[in-house]
Amino acid sequence: GEEYKLKNNSEQLKWKSLFNRNGVKIIIGSHPHVPQNFEYTESGDSISDITIFSLGNFISNMSAPFTRISLCVTLNLKKCNNGKVTILKPDYEYLWTTRPGEFEKGYSVIRIKELLDKPERFKVRDSYDKMKHYYSILTK
């Protein structure tokens, strides 16, 4: 994907289509340094394929917008009695990377939902404000 873009592009869709046609059921991307959208096709309790276009950066010292927020996705697979494996609907959450001195002594990766209403936990208010701002845009 294109660096710093929050949405997938046509090139990523071409690769997704090629991989899916050839039997790939789970695609996870990471290049753009920011989290991007993800797609899956639902069929009953399971999904037939999932594409996570970009997880973003897990730990980042970058300063470009959205480069310190990442997407953590939990995929659950279920093996059926007939030996077939199905993919269940994914769980996901957003994480934020704090720099040394903003939250703890070193770098920290924190769950955003746990700290959305706790600005007092941050030693640097600007870090909290950026986290909250970027999170609100991604979760519209």
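For the structure, see preceding data.
Residues numbered from 1 in each chain as written. Predicted model: local features only at pLDDT ≥ 70, side-chain atom pairs only at ≥ 80, totals over all residues. Heavy atoms only, no water.

A. Geometry of the packing of aromatic side chains. If you walk through the whole model with that rule in mind, you get nine aromatic pairs. Ring geometry for Trp 15 versus Phe 19: centroids 5.6 Å apart, planes at 40°, classification tilted. Pair noted here: Trp 15 and Phe 19 are both in helix α1 (residues 10–21), with a separation of four residues, about one helical turn. For the ring pair Phe 38 and Tyr 92, a centre distance of 5.0 Å and an interplane angle of 75° mean the geometry is edge-to-face. Taken as a pair, Phe 38 in strand β2 (residues 38–43) and Tyr 92 in strand β7 (residues 91–98) lie far apart in primary sequence, 54 residues in all. Since its relative accessible area comes to 22%, Phe 38 is described here as partly exposed. Each residue in the set Phe 38, Tyr 40, Tyr 92, Tyr 94 and Tyr 135 is aromatic and connected to the rest through ring pairs, giving one cluster. (Phe/Tyr/Trp six-rings, centres within 6.5 Å; stacked < 30°, edge-to-face > 60°. Helix = DSSP H or I, 4+ residues; strand = E, 2+ residues; numbered from the N terminus. Buried < 20%, exposed > 50% of the residue type's maximum accessible area, 1.4 Å probe, protein only.)

B. Up close: unusual backbone geometry. Even without glycine at this site, Tyr 4 takes up a positive phi of about 70°. Summarising the element assignment, Tyr 4 is placed in the segment before α1.

C. Structural context of the pairing of strand β6 (residues 85–88). Inspection of the sheet shows strand β3 (residues 46–52) paired to β6 by two bridges, in the antiparallel sense. Each residue of the ladder has a partner; that of Ile 47, found in β6, is Ile 87. Two elements, strand β5 (residues 77–79) and β6, share three bridges in a ladder whose sense is antiparallel. Bridging across to β6, Lys 78 finds its partner in Thr 86. What sits between β5 and β6 in their antiparallel hairpin is a turn of five residues, with Gly 83 showing a positive phi close to 90°. (Pairing = 2+ DSSP bridges.)

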